[in-house]
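# Per-entry structural report
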Amino acid sequence: MTTPEQAPPGVDPAVPSVARMYDYYLGGKDNFAADREAAEKVIAISREVGNDLRGAARANRAFLGRAVRSLAARGCRQFLDVGAGLPTQENVHQVVLREVPDAQVVYVDNDPTVLVHARALLADNPQTSVVEGDLLDPEAIRAHRVVRERIDFDRPVTVILCAILQFVPDDEVAASIVARLCADLAPGSHLVLSHPFPGEGQDGPLSQVDGIYKRSAAGSFTLRSRDRLATLLGDAEPVPPGLAPVEVWEPGADLTPDFRVPTYLGVVARVR
Ligand SMILES: C[S@@+](CC[C@H](N)C(=O)[O-])C[C@H]1O[C@@H](n2cnc3c(N)ncnc32)[C@H](O)[C@@H]1O
């Protein structure tokens, strides 16, 4: 486990970080006591509604891997991953570069711990960059010098927003962020999105999760129904199997998923 003395400059190890809490869900070691305590509370609340949160987080990572592998296999060579998270197993660049050795991957995050670890991991990798950026300012992300150097916006881009829009409480703001990040992308561009989902007919305990995240650096946590998630996509057109629980999402699959179970929902959508 990381000790408070190892906190990067500007990081208060007493304030939970959503990136480090997620690292803890995944079984990672880059987290402090405050992160583990907050994460354990969320795990306990999730258990009350029959949700294995750690399993769901691993399934979310696996979904991300399958989604980007399928897009790389179909020729996408540029990936902009906003809310990249702490490096773990099967990071986007590892999956993509196996498929397309000349791909470019740009990771964006606003968490200092993520930036320090990602930069250390990727220091010698010319095809992968790490940029400090805030999801709430999509124009600044699109205009960032490194993003412009690494990504040719005249060619198809895959924008990744996995397990991040739950930190934007307002649906209209979240939809506008998606639209602005995907504005004027070249034909053949895609959006990969995943989001925590309460399960249909499941209310109650999960609403307490927001109270725990309010004390984190992110400041809020919003679960969204299928309908609410669909509105975030705007003009982007889901490709089969559409919005589905991450455990069962497979590119092109013909599914009849069970939406009663709380988990993450994932979708790949063509950006129009
Ligand atoms: C739950 S993790 C998800 C990591 C990864 N995308 C995945 O699905 O496995 C959320 C990530 O989003 C980042 N994040 C949260 N709010 C952000 C914001 N406003 N701007 C940029 N990154 C943000 C956090 O620092 C964290 O690394």
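What comes next is a walk through the structure.

This part is about the environment of Ser 207. Along the chain, Ser 207 falls in the loop between strand 5 (190-197) and helix 9 (209-214). Ser 207 sits 154 residues away from Leu 53 along the chain, and the two C-alpha atoms are 15 Å apart.

Residues in close proximity to the ligand total 19 residues, the closest being Tyr 22, Gly 83, Asp 109, Leu 135 and Cys 162. Here an oxygen atom of the ligand and a side-chain polar atom of Tyr 22 are 2.7 Å apart. Between the ligand and the protein, one listed contact pairs a nitrogen atom with a backbone N or O atom of Cys 162 at 2.8 Å. Within the complex, 95% of the 600 Å² of free accessible area of the ligand lies under protein.

What follows covers the packing of aromatic side chains. Taken as a whole and judged by the stated rule, the model has five aromatic pairs. Ring geometry for Phe 167 against Tyr 213: centres 5.8 Å apart, planes inclined by 50 degrees, an arrangement best described as tilted. Pair noted here: Phe 167 is in the loop between strand 4 (158-162) and helix 8 (171-181) and Tyr 213 is in helix 9, with a separation of 46 residues, a long-range link. Pairwise contacts between aromatic rings join Phe 167, Tyr 213 and Phe 221 into one cluster. Above the plane of the ring of Tyr 24 lies Arg 54, whose end atom (NZ or CZ) is 4.5 Å from the centre.

Moving on to the pattern of salt bridges. Taken as a whole and judged by the stated rule, the model has 12 salt bridges. Across the pair Arg 180 and Glu 139 runs a salt bridge whose closest N-O atoms are separated by 2.9 Å. In this pair, Arg 180 sits in helix 8 while Glu 139 sits in helix 6 (residues 138-143), placing the two residues 41 residues apart along the sequence. Exposure remark for Arg 180: the relative accessible area of 31% places this residue in the partly exposed category. A salt bridge links Arg 224 to Asp 171, with the nearest nitrogen and oxygen atoms 2.7 Å apart. One end of the pair, Arg 224, is in the loop between helix 9 and helix 10 (226-232); the other, Asp 171, is in helix 8, and 53 residues separate them in sequence. The class for Arg 224 is buried, based on a relative accessible area of 0%. Connected through shared salt-bridge partners, Asp 171, Arg 224 and Arg 228 make up one network.

Here we come to the packing of helix 1 (residues 18-25) against helix 2 (residues 33-48). Taken N-terminus to C-terminus, the directions of helix 1 and helix 2 make an angle of 65 degrees; their axes are 9 Å apart at the nearest point. As for the relative orientation of helix 1 and helix 2, their crossing is right-handed in sense. For the pair helix 1 and helix 2, contact is made by Arg 20, Met 21, Tyr 24 and Tyr 25 and by Asp 35, Arg 36, Ala 38, Ala 39, Glu 40, Val 42 and Ile 43, respectively. Within the contact of helix 1 with helix 2, the residues separate by chemical class into seven nonpolar, no polar and four charged.

Calculation rules
Residues numbered from 1 in each chain as written. Predicted model: local features only at pLDDT ≥ 70, side-chain atom pairs only at ≥ 80, totals over all residues. Heavy atoms only, no water. Helix = DSSP H or I, 4+ residues; strand = E, 2+ residues; numbered from the N terminus. Near = heavy atom within 4 Å. Polar contact = N/O pair within 3.5 Å; in protein donor to acceptor, adjacent residues only side chain to side chain. Areas by Shrake-Rupley, 256 points an atom, 1.4 Å probe, with all protein chains shown as cover. Phe/Tyr/Trp six-rings, centres within 6.5 Å; stacked < 30°, edge-to-face > 60°. Lys NZ or Arg CZ within 6 Å of the ring centre and 35° of its normal. Salt bridge = Lys/Arg side-chain N within 4 Å of Asp/Glu carboxyl O. Buried < 20%, exposed > 50% of the residue type's maximum accessible area, 1.4 Å probe, protein only. Axes fitted to C-alpha atoms, helices over the stretch in contact; angles between N-to-C directions. Left-handed = near helix turned anticlockwise from the far one by under 90°. Contact = heavy atoms within 4.5 Å. Nonpolar A, V, L, I, M, F, W, Y, C, P; charged D, E, K, R; others polar.

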